[in-house]
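Residues per chain, in single letters:
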Amino acid sequence: MTQKSTDTVWHNATITRNDREKLHKHKSVILWFTGLSGSGKSTLAHAVEDYLHRYGCSTFVLDGDNVRHGLCSDLGFSDEDRVENIRRIGEMAKLMIEAGVITLTAFISPFRADRSSARKLVPHGDFIEIYCQCPLETCEQRDVKGLYKKARAGKIPFFTGIDSPYEEPEKPELIVNTHALSLDESVQAVMKLLLQRSIVRPG
């Protein structure tokens, strides 16, 4: 994206991210949940947030549908709009970890290049890609929102997995087989990783 203004100067805050992390008593990080529609991204992200909240952590979930009601309400679902959608989310998530918040994002984010761009916005180790792996057939069987049925009928163009591609992560930090694991097992897999990386402390 071309930067339109050249008359802005970054202002360095007197309170740092490290100060905020000390206040919250945990590290801030981006947990980037990606996968097909119906793979369980939002369900898992919110379940992990519930667990972290009980742990005493400061958290926030950036959910795909919710963000498209406000920040990205001007965007459609073409490949170009999807790229811009993820760019905005990446920038928002970057600001939120500066605030010391564990930020969970639940977006299809179908293109590897876009996820890579979001990763590059933050220091190494601050972006944890969690692939919610679920076969297309299972996602269609679930079809919680009725979107696949509409896409198959030609009512939703550019639908990921039907007439727009989903590029699976090549080296995600974590793969959660959401079609095989229970929700609790999936949450525990994420928490195990966060504890291993000392993002949160054992309770």
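Everything numeric here is computed off the predicted structure, so don't read it as measured data.

A.B. asks: What is the right way to look at the pattern of salt bridges in this model?
C.D. replies: Two side chains of opposite charge can pair, provided their charged atoms sit close to one another. Within the structure shown, the criterion is met by 10 salt bridges. With its nearest N and O atoms 3.2 Å apart, the salt bridge here joins Glu21 to Arg17. Pair noted here: Glu21 and Arg17 are both in helix α1 (residues 17–24), with a separation of four residues, about one helical turn. Classification of Glu21 as buried rests on a relative accessible area of 15%. With relative accessibility at 13%, the residue Arg17 sits in the buried group.

A.B. asks: Looking at this model, I keep getting lost on helix α5 (residues 112–120). Mind explaining?
C.D. replies: Structural remark: α-helix, 3.6 residues per turn; residues separated by three or four positions point the same way. Among all positions in α5, only Asp114, Arg115 and Ala118 are buried. Mapping the buried residues of α5 onto a view down its axis gives an arc of 100°, with all of them on the same face. Facing away from the buried side of α5 by over 90 degrees, the exposed positions are Ala113 and Lys120.

A.B. asks: Help me out: how do you make sense of the UniProt feature "binding site: ATP" (unreviewed entry) in the chain in this one?
C.D. replies: Using the residue numbers shown here, the UniProt feature "binding site: ATP" (unreviewed entry) corresponds to Gly35, Leu36, Ser37, Gly38, Ser39, Gly40, Lys41 and Ser42. Inspection of the secondary structure puts Ser37 in the loop between β1 (30–34) and α2 (41–54). For Ser37, a relative accessible area of 14% corresponds to the buried category. Setting aside residues no more than four positions away along its own chain, Ser37 makes contact with Ile108, Cys139, Leu147, Tyr148 and Phe159. As for its position among the elements, Gly40 is in the loop between β1 and α2.

A.B. asks: Could you clarify how one ought to interpret the packing of α2 against helix α8 (residues 183–196) in this entry?
C.D. replies: Two numbers describe a pair of packed helices, the interaxial angle and the distance between the axes. In the contact formed by α2 and α8, the axes pass within 9 Å of each other and the chain directions differ by 60°. One element, α2, and the other, α8, form an angle in the oblique class. Relative to α8, the crossing made by α2 is right-handed. Across the interface between the two elements, Thr43, Leu44, Ala47, Val48, Tyr51 and Leu52 of α2 pack against Leu183, Ser186, Val187, Gln188, Val190, Met191 and Leu194 of α8. The class makeup of the residues in the contact of α2 with α8 is 10 nonpolar, three polar and no charged.

A.B. asks: Can you help me understand the sheet that holds strand β3 (residues 102–106) in this one?
C.D. replies: In space, the five strands of this open sheet follow the order β2-β3-β1-β4-β5, with parallel pairing throughout. Edge positions in the sheet fall to β2 (59–63) and β5 (174–177), since each of these pairs with one other strand and no more. Taking each pair of neighbouring strands and ignoring which way they run, the sheet shows an average axis angle of 20°. The sheet contacts of α8 involve β1, β4 (127–133) and β5, and relative to β5 the element is tilted by about 165°.

A.B. asks: I'm lost on helix α4 (residues 79–98) in this one. Help?
C.D. replies: With 20 residues, α4 should cover 28 Å at 1.5 Å per step; its first-to-last C-alpha distance of 29 Å lies within 8% of that length. Gly100 sits one or two positions beyond α4 and adopts a positive phi of about 85°.

How each quantity is defined
Residues numbered from 1 in each chain as written. Predicted model: local features only at pLDDT ≥ 70, side-chain atom pairs only at ≥ 80, totals over all residues. Heavy atoms only, no water. Salt bridge = Lys/Arg side-chain N within 4 Å of Asp/Glu carboxyl O. Helix = DSSP H or I, 4+ residues; strand = E, 2+ residues; numbered from the N terminus. Buried < 20%, exposed > 50% of the residue type's maximum accessible area, 1.4 Å probe, protein only. Arc of directions from axis to C-beta. UniProt positions renumbered as here; feature names shortened; annotations may be inferred. Contact = heavy atoms within 4.5 Å. Axes fitted to C-alpha atoms, helices over the stretch in contact; angles between N-to-C directions. Parallel < 35°, antiparallel > 145°, perpendicular 65-115°, else oblique. Left-handed = near helix turned anticlockwise from the far one by under 90°. Nonpolar A, V, L, I, M, F, W, Y, C, P; charged D, E, K, R; others polar. Pairing = 2+ DSSP bridges. Expected span 1.5 Å × (residues − 1).

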